[in-house]
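# Examining the three-dimensional arrangement
So the chains spell out like this:
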Amino acid sequence: MTSVLYDAPGPKAKRRNVLFSVVFFVLLALLLWWIWQVLDDKGQLEWALWKPFTTPEAWTTYLLPGLADTLKAAALSMVIALPLGAVLGIARLSDHRWVRVPAGAVVEFFRAIPVLLLMLFANEFYVRSTGIPSDERPLYAVVTGLVLYNASVLAEVVRAGILSLPKGQSEAAMAIGLRKSQTMTSILLPQAVTAMLPAIVSQLVVIVKDTALGGVMLGFTELLNTRSTLAANYANVIPSFIVVAVIFIVLNFILTSFASWLEARLRRSKRSTGAVLGADEVDELNAGEVGGAHGAGAGGKA
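Residues numbered from 1 in each chain as written. Predicted model: local features only at pLDDT ≥ 70, side-chain atom pairs only at ≥ 80, totals over all residues. Heavy atoms only, no water.

## Description of the nonpolar core
Basically, it comes down to this: Only buried residues count toward a nonpolar core, which is a set of Ala, Val, Leu, Ile, Met, Phe, Trp, Tyr and Cys residues joined through side-chain atoms within 4.5 Å. Here's how the labels work: a residue is buried when its accessible area is under 20% of the maximum for its type, exposed when over 50%, partly exposed in between, all with a 1.4 Å probe on protein chains only. Counting from the N terminus, the helices are the DSSP runs of H or I reaching at least four residues and the strands are the DSSP runs of E reaching at least two. Any two residues having at least one pair of non-hydrogen atoms within 4.5 Å are treated as being in contact.
Formed by 44 residues in total, the largest nonpolar core has its most connected members in Leu 63, Val 142 and Ile 162. Elements that contribute at least two residues to this core include exactly helix H3 (56-91), helix H5 (115-129), helix H6 (137-163), helix H8 (180-217), helix H9 (223-234) and helix H10 (237-270). Counting residues per element, this core draws most heavily on H6, at 11 residues. For Val 142, the contacting residues outside a window of four places in its chain are Ala 73, Met 119, Thr 211, Gly 214, Leu 218 and Phe 220. If you look at the next biggest cluster of nonpolar residues, it comprises 5 residues, including Leu 88, Ala 91, Ala 103 and Val 107.

Right under this line is the structure:
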């Protein structure tokens, strides 16, 4: 397949690509073998270190409660950051300067600050200015930092998604008398959702992973934090890291797979021709067309 940006590879290019692929997989296999040998030499592959993960106690006492707190913080952050980011992104497109400028300042400010610093600031604010219990304070701080940072990033995603639509969409809406708010909610946003979905899902994956920052710095009992307690009790640091990494991989894979399915479904629905007519309705339409044709013929003869 040849296009403006891509030429179909010729015979030499195909052989070169095959050679590069073979070399890459050989090097990858050697790297994995070297890692296996190092772990084996250090005794990290002994069954005694992996056996705790086959018992219910390791999961019900450490991993599953930590995973539940990770999902709780991530879900709260997603639920708050998504609509807040949409509002800020739409506000940046406003024709009113008094709306557009403050929204842009908020987005640029919080997008420029590291999310860990936002968590630390939020935790200090809750310590000095609120009466939130100490055992719940890390969750509030983690969610606050994630919401402030990711809402500002999602605002730019929403703004870019809307601006990527053809200008004729807005012009057509204005031509039929729709207000700007109606154009945004009824025409632009529904079409931009499909284009924005991959970037939104990528940011949701970032939210899930960034919950670990709260466990390291604030003592939030998420998955990585409970892993350290498990490793201290069973003396299996490397195996516990590997198991937690696999859990994160599976969790984010499920999230991205669901997003891919949802995106494909949205694209299919946009290609739909509309309502499905029943057999009786089709017969009525056909009868109407036949009657119209006869009437036209009679009129022509008259």
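From this point, the discussion proceeds with the structure in view.
## Observations concerning unusual backbone geometry
Its identity as a non-glycine residue notwithstanding, Ala 235 has a phi of 55°, on the positive side. If you trace the backbone, Ala 235 turns up in the loop between H9 and H10.

## Overview of the side chain of Gln 203
Its place among the elements puts Gln 203 in helix H8. A residue is classified by how much of its surface remains accessible, and Gln 203, at 11% relative accessible area, is buried. If near-sequence neighbours (up to four positions away) are discounted, Gln 203 is found in contact with Tyr 149, Asn 150, Val 153 and Leu 154.

## Focus on the environment of Thr 194
Locating Thr 194 in the fold gives a position in helix H8. Taking the C-alpha atoms as reference, Thr 194 lies 7.1 Å from Arg 267; in sequence the two are 73 residues apart.

## Focus on the pattern of salt bridges
Selection criterion: Put simply, a salt bridge is a Lys or Arg side-chain nitrogen that is within 4 Å of an Asp or Glu carboxyl oxygen.
Counting across every chain of the model gives 6 salt bridges. The partner of Glu 156 in a salt bridge is Arg 111, with the nearest N and O atoms 3.9 Å apart. Note that Glu 156 is positioned in helix H6 and Arg 111 in helix H4 (residues 97-112), a separation of 45 residues in sequence. Glu 156 gets classed as buried once you look at its relative accessible area, which sits at 15%. Between Glu 124 and Arg 128 there is a salt bridge, with its nearest N and O atoms 2.6 Å apart. Here Glu 124 pairs with Arg 128, and both are found in helix H5, just 4 residues apart, close to one helical turn. Its relative accessible area of 35% is what places Glu 124 among the partly exposed residues. Given the relative accessible area of 67%, Arg 128 is considered exposed. Through salt bridges with shared partners, a single network forms among Arg 92, Glu 108, Arg 111, Glu 156 and Arg 159.

## Looking at the confidence of the model for the protein chain
The predicted coordinates of low-pLDDT regions are not to be read in fine detail. Counted only if it meets this: The predictor attaches a confidence to each residue, and that confidence, scored 0 to 100, is pLDDT.
Looking at the protein chain as a whole, its pLDDT mean stands at 82, while 87% of the residues score no less than 70. Every residue in residues 272-278 scores below 50 in pLDDT, and together they form 3 contacts with partners more than four places removed in sequence or on other chains. In the model, residues 293-302 has pLDDT below 50 throughout and makes 0 contacts with residues more than four positions away in sequence or in other chains.

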